[in-house]
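Examination of the molecular architecture
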Amino acid sequence: MPTTALRLTLLASLAWLGIMAAHAQPTWRFHLAFEDGAGARDTLWFVYDTTATEGWDTNPQVDDHLGEGAVEMDLEAFNVWTWNWQYDSTKTQAWPYSMYPMAEMPVMAFNYVAPVTIRWDRDLFNAPELPTAPHIGHAILGGEYFFWTGLEDPLVGGFNMLAADSVLIEEPAWMFVQTTMVFGESSGLGVGEAHIVPLRLYPNPAMDRVMWVAPAIVDRMEVMDAGGRVVHVAGPLSSGGWMDVAHLPAGSYTVRACTFNAIHHAQFIKMAP
């Protein structure tokens, strides 16, 4: 990709109350529409569908029928893109409904002219394709740009997507570094309401590095081996990023990330070279 490539981690995470109905759910499509300062436009799609597959490194399934196939891009034009499980560039990522409450969509962008506007359709948060009601009770864009520019709502840990249908990013090079989109069932927790929230790690198992994604800025992160010994400490950090694990011995590890109102846990397997 061009040296001007920008990296954004867009994590889509959906949580809901109740149990999903036994009958098949129709496709739910959510889009983020990008427009740069010169009027160039591009769109990314996130899809939930019962026919979608959950791929991983050793099982690189690609749902071509849902748009996950590789796409050819004009390298001289403004583009936003993500990758599929064959590590080809695509503009759609699909997940099965069984992946509730979490799924991720890492996103890259290049050849933009600042500022960049991101738009979405708030009606889709209450779409009939979603299995429960109330459907999505909070939706946020989190990351360093929103935190440092004062656009972050402390109650939800990011830009409240339910309160608006767009946001203007005046410094995209800053914004496109570890930004997270999070969906959930409530309006968010207040400061001091500590709780345990899953942390997403992938690929898992991993060999060289692991992408971690949290719902908010991380103050401190610890990695512990199977014996409970802390083998890595970092912080403060953004809401996501790559962690080098190549130096760790093969085995099971626990990652604990502390944010302003929560502790997030997840485990990953380090494979032998």
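Before going into details, it helps to say that this report is about the structure given with it. Remember, it's a predicted structure, so these values are computed and weren't measured experimentally. Positions within a chain are numbered from 1, following the residues in the order the chain's sequence is written. Given that this is a predicted model, residues contribute local features only at a pLDDT of at least 70 and side-chain atom pairs are listed and counted only at 80 or more, while totals for whole chains, interfaces and linings are drawn from all residues. Only hydrogens and water are set aside; all other atoms, that is, all heavy atoms of the structure, feed into the side-chain values.

1. A closer look at the sheet that holds strand β2 (residues 28–35)
Note the cut-off: A pair of strands is considered paired only if DSSP assigns at least 2 bridges between the two. Note on conventions: DSSP H or I runs of at least 4 residues are helices, E runs of at least 2 residues are strands, and numbering of each starts at the N terminus. In this analysis an axis means a line fitted to C-alpha atoms, helices contributing only their contacting stretch, and an angle means the value between N-to-C directions, from 0 to 180 degrees.
What the 5 strands build is an open sheet, ordered β6-β3-β2-β8-β11; its pairing is mixed. Each of the sheet's edge strands pairs with one partner strand only, and the pair in question is β6 (92–95) and β11 (166–169). Mean inter-strand twist for the sheet, computed between neighbouring axes without regard to direction, equals 15°. Here β2 runs beside strand β3 (residues 41–48); their pairing, made up of 8 bridges, is antiparallel.

2. Side note on the side chain of D36
Rules: Each residue is assigned to one of three classes by its accessible area relative to the maximum for its type, calculated with a 1.4 Å probe on protein chains only: buried under 20%, partly exposed between the two thresholds, exposed over 50%. By the counting scheme adopted, Arg and Lys are positive, Glu and Asp are negative, and His together with the chain ends is not counted. For this document, the term salt bridge refers to a Lys or Arg side-chain nitrogen within 4 Å of an Asp or Glu carboxyl oxygen. N or O atoms closer than or at 3.5 Å make up a polar contact, with two conditions inside protein: a donor-capable atom paired with an acceptor-capable one, and, for residues adjacent in sequence, both atoms drawn from side chains.
Along the polypeptide, D36 turns up in the loop between β2 and β3. The charged side chain of D36 is buried without a salt bridge, its nearest counter-charge being R41 at 8.2 Å. A distance of 3.0 Å separates a polar side-chain atom of D36 from the backbone nitrogen of A38.

3. Considering the pattern of salt bridges
This structure, assessed with the given rule, holds 6 salt bridges. The shortest N-O distance in the salt bridge between E222 and R220 comes to 2.8 Å. The class for E222 is buried, based on a relative accessible area of 10%. For R220, a relative accessible area of 40% puts it in the partly exposed group. Two residues, E222 and R256, come together in a salt bridge whose shortest N-O distance is 2.4 Å. Taken together, the residues E222 in strand β16 (residues 220–225) and R256 in strand β19 (residues 251–258) connect sequence positions 34 residues apart. Among the charged side chains, a network of salt bridges with common partners joins E35, R41 and R119.

4. With respect to the packing of aromatic side chains
Keep this limit in mind: Pairs were defined over the aromatic rings of Phe, Tyr and Trp, the Trp ring being its six-membered one, requiring ring centres within 6.5 Å. Orientation was assigned from the angle between planes: stacked under 30 degrees, edge-to-face over 60, tilted for the rest.
Considering all chains together, one arrives at 8 aromatic pairs under this definition. Look at W28 and F30: their rings are 5.7 Å apart centre to centre, the planes differ by 20°, and that puts the pair in the stacked class. For W28, a relative accessible area of 0% gives the class buried. According to the relative accessible area criterion, F30 is buried, its value standing at 1%.

5. Here's the deal with the pairing of β11
Residues V167 and I169 point to one face of β11 and are all buried, whereas S166 and L168, pointing to the other face, are not buried. In the sheet, strand β8 (residues 116–119) pairs with β11 via 4 bridges, with the strands oriented antiparallel. Residue I118 lies in a different strand from β11, and its bridge partner there is V167.

6. Comments concerning the side chain of K270
Looking at where K270 falls in the secondary structure, it is placed in strand β20 (residues 263–270). One buried charged residue, K270, forms no salt bridge at all, with the nearest opposite charge on D208 at 6.5 Å. A distance of 2.8 Å separates the side chain of K270 from the backbone oxygen of L248, its partner in a polar contact.

7. What about the nonpolar core?
For the record, the criterion: For this analysis, a nonpolar core means a set of buried residues of the types Ala, Val, Leu, Ile, Met, Phe, Trp, Tyr and Cys, connected via side-chain atoms within 4.5 Å.
Ranked by size, the top nonpolar core spans 36 residues in total, and within it W28, F30, F34, W120, M161 and V167 carry the most contacts. Among the elements that line this core, the one with the most residues is β2, at 4 residues. Grouped together as the second largest cluster of nonpolar side chains are 17 residues, W212, M221, V223 and V245 included.

8. Observations regarding the environment of Y48
By secondary structure assignment, the location of Y48 is in strand β3. Accessibility expressed as a relative area gives 0% for Y48, which makes it buried. The spatial distance from the C-alpha of Y48 to the C-alpha of Q93 is 8.8 Å, given a sequence separation of 45 residues.

9. Description of the sheet that holds strand β14 (residues 200–202)
Spatial strand order, β14-β15-β18: 3 strands in an open sheet with antiparallel pairing. Each edge of the open sheet carries a strand with a single partner, namely β14 and β18 (240–244). In this sheet, adjacent strand axes meet at a mean angle of 25° when their direction is disregarded. Two strands pair when backbone bridges link them, and β14 and strand β15 (residues 209–213) are joined in this way by 3 bridges, in the antiparallel orientation. Each residue of the ladder has a partner; that of Y202, found in β15, is M211.

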